[in-house]
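Residue strings, one per chain:
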Amino acid sequence: MSFLGKFRNISLREKFIIVVSLVIVSSMLIISGYLTKRQSEIYYQELVNRGQALVANVAYNAELGVILETEGDLNELLKAVARVDDIVYAQILAADGRVLTEIGSDTREGLSLFYMNAEEMPAPDRYTQKRFFDAEDIEYIEIVYPVQTRKQQLSRENLGTVFGFRDDSLAVGYETIGHIRLVVSTADLKKEINRSETASIILTLMVVFSAIIIMTAFVRIITQPIKTLVDITDQISKGDLGKTVSIDRRDEIGLLAESFNRMIESLKMSQQEIEEYNRTLEGKIIERTHELEDAQSQLIQSEKLAGIGQLAAGVAHELNNPLGGILGYAQFTLEKMQKKNIAQLTEKDYESFKKYLRDIESQTRRCKAIVQNLLRFSRSSSKVEFSEININQVLEETLTFVDHQLVMNQIGLVKELDPEMPAIQGNPGQLQQVFTNMIINALHASPAGTQMTITSRYLPPLGEFPGAIEIDFSDQGVGISEENLKKIFEPFFTTKEVGKGTGLGLSVSYGIIKDHGGEIKVKSKVGVGTTFSIIIPLEKRAAAVDKTDVEKQ
Amino acid sequence: MLEASEKAILIVDDEEVMREFLSEVLEDFLVETASDGNEAISKMKHKTYDLIITDMKMPGVSGEEVVQFAKKTCPDSKIIVISGYSSLFSVGNTTRFGISAFLSKPFTIKQIRSEVEKSLTKNKKNNQGESGAGNA
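Residues numbered from 1 in each chain as written. Chains lettered and ligands numbered in written order. Predicted model: local features only at pLDDT ≥ 70, side-chain atom pairs only at ≥ 80, totals over all residues. Heavy atoms only, no water.

Draft legend 1. Highlighting the overall build of chain A. Each helix and strand in chain A was counted, giving twelve helices and twelve strands. In chain A, which comprises 553 residues, the share counted as buried stands at 38%. At a minimum sequence separation of 6, the contacts of chain A that also span at least 24 residues come to 70%. Taken as a whole, chain A presents about 32700 Å² of accessible surface, with 57% of it coming from carbon and sulfur. (Helix = DSSP H or I, 4+ residues; strand = E, 2+ residues; numbered from the N terminus. Buried < 20%, exposed > 50% of the residue type's maximum accessible area, 1.4 Å probe, protein only. Contact = heavy atoms within 4.5 Å. Areas by Shrake-Rupley, 256 points an atom, 1.4 Å probe, with all protein chains shown as cover.)

Written out as structure tokens, the structure is:
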């Protein structure tokens, strides 16, 4: 596992070299091993054959010497044989086992050359072979061959042939008269084998070495462009698409480089596309955001205008009152002036005119204030400015516009405004919008003859709690089901019939109160009524602001 | 103006300007004023007015209650309702409310004079609610 892990981590070039070297070495070993074995077998067989031939030859030539036991002749014979290198020992034995002559060393350590008993002596015409090893692990082959002579019918007639002529026709059989023992050493053979083994090892190494050189060069040819590719891939991954692969070849690597370049090109193009898209996307997002903001402010505005529509009657009433005074006094003045000419005007008339004009002035101012109040309410909320305001005052101003609707729908109004209300930071126009929404909602839900209660309350600071103001709008209307209660602040949720509500009132109100850092809570029971509570916390510094008495009834 | 200077008129309106204006317009009559419904009712308890001119929307006791009270205690009194709400009453349904006329603010001196004159000279029995006023 760890070897495999290491192998995986080495470079492609090294992998290639290691694998190919292993293949070469193993195939060389197999081939040279087989050849060496085969060769040594052949050598060995040859050695044995030669030994056998020699021993047979000696046996043939030694016939007379053995019969006559001429040691000198036999020794000469053996010496001639011993010229062959492999023969380390030769011996001629008589039939009874006496050593007639010998050459070579028979005292080598570990060798027991004379192990053969008489019983083991070979049968006529048969070789007897034995192998044994000395202490140095050198193999010896011992070959024994009988020395035979022809048995002859010795008679006077053929006596002459005994000395000089051989006449096989007289032969009656063969007789073993002695043995030739030859010991052949395989030391030379072994040396030869060792030499060829060494040669094959050297050859293998040479092949491996030259293979490595060739492979290194070849692998470089292959891996160099791959390395270039890797480098460029690296640069690309770092975002540099300016490079291309310059490999001008027609082989697979060249094709790879070509397709790689194509890839870089398309990558570059898609990157440009993405950048382009991103750029335009940003613009599009800004554009859409603007559109959305516009749409939203239009919605808020239309919700507000819807509210104003509902207020119209109240506004008319508010304006009609001072207008009544203005119209009346203006006519009155005119009337009086038409009745008399200037000379007839008395001091009293003059005083009356002044009073009329003052009243006209003050009533006109009142109209202006009402119109301004309405304008403040309807102004677009794109710029919301906060100022120090008194909630009771804002409530009263709102009520001047909407209480007519309560009268029209025969809803009683109970105001319980806390005179000890601290000033808060807020936008009077926005808060008026919220309050109008609360009152109109209550109105739509309330059957005639029921009562609406508007309560304002100051919740003084306590510990961590910075203090807050709370405004409750309670009605005795139809109530809101639990299911709908979860959805009432969602934009466009409405239970009113089509055209009667935008479904934005409460969600816009919710947003406005959120902007004031406050929250709107609802409690409702179907058939009993609903209470919306608006809670706006005081800022810590605002809590210290003097409480102003704003009860104005 | 008219000869009927002995006629008593009660003007009920929370707007001071309106009270003063009406008082001056109707200076030939015996004019009294009340700034809210409560005051008007207490005045009616002590005196019977020939004509009651009342606003509708007032803090506390509303004009509606003043009308109810007047009709109950002195059914001979004529009633003219003035209001900033032009939609509260429409021409023709004044009879239903048992009032002589409805004037919506702002109205002209001519309108109020003619309505006052009409209601005071009108026979109680055939007091047709037709008013020349209404939609100013």
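Draft legend 2. Representation of the packing of aromatic side chains in the model. As enumerated under the stated definition, the model contains six aromatic pairs over all chains in all. Here Phe332(A) and Phe21(B) contribute two aromatic rings whose centre-to-centre distance is 6.1 Å and whose plane-to-plane angle is 80 degrees, an arrangement assigned as edge-to-face. On the criterion of chain membership, the pair formed by Phe332(A) in helix H7 (residues 252–339) and Phe21(B) in helix H1 (residues 16–25) is interchain, its members lying in two chains. The same class applies to Phe332(A) as to Phe21(B), namely buried. Here the aromatic cluster, defined as three or more aromatic residues joined through ring pairs, consists of Tyr329(A), Phe332(A), Tyr356(A) and Phe21(B). (Phe/Tyr/Trp six-rings, centres within 6.5 Å; stacked < 30°, edge-to-face > 60°.)

Draft legend 3. Quick look at the pairing of strand E1 (residues 8–12) of chain B. Residues and elements named next belong to chain B. In terms of residue burial, E1 counts as a mostly covered element, since five of its five residues are buried. Residues Ala8, Leu10 and Val12 line one face of E1 and the alternating positions Ile9 and Ile11 line the opposite face, and both faces are buried. By the bridge criterion, five bridges tie E1 to strand E2 (residues 30–34) in an arrangement that is parallel. Note on E2: the bridge partner recorded for alanine 8 is leucine 30. Tracing the backbone out of E1, into H1 and back to the parallel element E2 gives a crossover that is right-handed. The pairing of E1 with strand E3 (residues 51–55) spans four bridges and is parallel. Along E3, the bridge assignment pairs isoleucine 9 with leucine 51. (Pairing = 2+ DSSP bridges. Right-handed = clockwise from strand over helix to strand, strands pointing away.)

Draft legend 4. Spotlight on the sheet that holds strand E7 (residues 412–417) of chain A. All names here are of chain A. Taken in spatial order, the five strands line up as E7-E9-E10-E12-E11 in an open sheet, and their pairing is mixed. Two strands in the sheet have a free side with no partner beyond their single neighbour: E7 and strand E11 (519–525). Each strand of the sheet is rotated relative to its neighbour by a mean of 10 degrees, with strand direction disregarded. Direction of pairing for E7 relative to strand E9 (residues 451–459): parallel, over a ladder of six bridges. When the sheet's bridge partners are listed, lysine 415 is paired in E9 with isoleucine 454. Sitting on the sheet, helix H9 (residues 391–408) touches E7, E9 and strand E10 (468–475), and the angle it makes with E7 is about 175 degrees. Of the strands in this sheet, E11 and strand E12 (529–537) touch helix H12 (residues 505–515), which is tilted by about 140 degrees from E11. (Axes fitted to C-alpha atoms, helices over the stretch in contact; angles between N-to-C directions.)

Draft legend 5. Focus on H12(A). Buried within H12(A) we find Gly505(A), Leu506(A), Ser507(A), Val508(A), Ser509(A), Ile512(A) and Ile513(A). Two residues or fewer after H12(A) comes Gly517(A), characterised by a positive phi angle close to 75 degrees.

Draft legend 6. Expanded view of the packing of helix H2 (residues 12–61) of chain A against helix H6 (residues 187–237) of chain A. All names here are of chain A. Axis separation between H2 and H6 bottoms out at 9 Å; the angle between their running directions is 160 degrees. On the basis of their axis angle, the class for H2 and H6 is roughly antiparallel. Classified by chirality, the crossing of H6 by H2 is right-handed. In terms of residue class, the contact of H2 with H6 is built from 19 nonpolar, ten polar and four charged. (Parallel < 35°, antiparallel > 145°, perpendicular 65-115°, else oblique. Left-handed = near helix turned anticlockwise from the far one by under 90°. Nonpolar A, V, L, I, M, F, W, Y, C, P; charged D, E, K, R; others polar.)

Draft legend 7. Quick peek at the confidence of the model for chain B. Residue and element names in this part refer to chain B. Looking at chain B as a whole, its pLDDT mean stands at 79, while 76% of the residues score no less than 70. The element-level mean pLDDT for chain B is lowest in helix H4 (residues 94–97), coming to 62, with E1 highest at 94. Segment residues 123–136 is flagged for pLDDT under 50; beyond a separation of four residues in sequence, or across chains, it makes 30 contacts in the model. Complex prediction metrics read pTM 0.44 and ipTM 0.76. (pLDDT = per-residue confidence, 0-100.)

Draft legend 8. Fine view of the interface of chain A and chain B. Opposite the 25 residues of chain A that make contact, chain B presents 19 residues. Of the roughly 2100 Å² buried at the junction of chain A and chain B (both faces included), carbon and sulfur atoms supply 57%. A salt bridge links Glu335(A) to Arg113(B), with the shortest nitrogen-to-oxygen separation between them at 2.6 Å. One can count eight residue pairs in polar contact (both at pLDDT 80 or more) joining chain A with chain B. Among the secondary structure elements, those contributing two or more residues to the side of chain A that touches chain B are H7, helix H8 (347–378) and H9 of chain A. The element that contributes the greatest number of residues to the side of chain A that touches chain B is H7(A), accounting for 17 residues. (Buried area = accessible area lost by both parts, 1.4 Å probe. Salt bridge = Lys/Arg side-chain N within 4 Å of Asp/Glu carboxyl O. Polar contact = N/O pair within 3.5 Å; in protein donor to acceptor, adjacent residues only side chain to side chain.)

Draft legend 9. Quick look at the sheet that holds E1(B). Residues and elements named next belong to chain B. An order of E2-E1-E3-E4-E5 is seen for the five strands of this open sheet, with the pairing classed as parallel. Pairing within the sheet leaves two strands with one partner each, and these edge strands are E2 and strand E5 (101–104). Along the sheet, successive strands turn relative to each other by an average axial angle of 20 degrees, direction set aside. Contacts from H1 reach E1, E2, E3 and strand E4 (78–83), with the element oriented near 175 degrees to E2. Sitting on the sheet, helix H5 (residues 109–121) touches E1, E3, E4 and E5, and the angle it makes with E3 is about 140 degrees.

Draft legend 10. Broad picture of a nonpolar patch on the surface. Together, Ile31(A), Tyr34(A) and Leu35(A) give the surface a local cluster of nonpolar side chains, amounting to about 350 Å² of exposed area. Topologically, Leu35(A) is positioned in helix H2. (Patch = residues over 30% accessible without salt bridge, like charges linked within 9 Å, V, L, I, M, F, W, Y side chains within 5 Å.)

Draft legend 11. A look at the side chain of Asp472(A). Residues and elements named next belong to chain A. As for its placement among the helices and strands, aspartate 472 is situated in strand E10. Take aspartate 472: its relative accessible area is 8%, and that puts it in the buried class. Side-chain polar atoms of aspartate 472 contact the side chain of arginine 457, separated by 3.2 Å. Here the side chain of aspartate 472 touches serine 533 through a polar contact of 3.0 Å, side chain to side chain. Once residues within four sequence positions are removed from consideration, aspartate 472 is found in contact with Thr453, Ile454, Thr455, Arg457, Thr531, Phe532 and Ser533.

Draft legend 12. Region of the structure containing the nonpolar core. All names here are of chain A. Counting residues in each nonpolar core, the largest one holds 45 residues, and the members touching the most others are Ile391, Leu431, Phe435, Ile469, Ile471, Phe473 and Ile534. Going through the elements one at a time, H7, H8, H9, helix H10 (428–445), E9, E10, H12 and E12 are the ones with two or more residues in this core. The element best represented in this core is H10, accounting for eight residues. Beyond its immediate stretch of four places on either side in the chain, phenylalanine 435 contacts Ile391, Val394, Leu395, Thr398, Ile471, Phe473 and Ile534. Counting residues in each nonpolar core, the second largest holds 29 residues, with Val55, Val58, Leu74 and Ile87 among its members. (Core = buried A, V, L, I, M, F, W, Y, C linked by side-chain atoms within 4.5 Å.)

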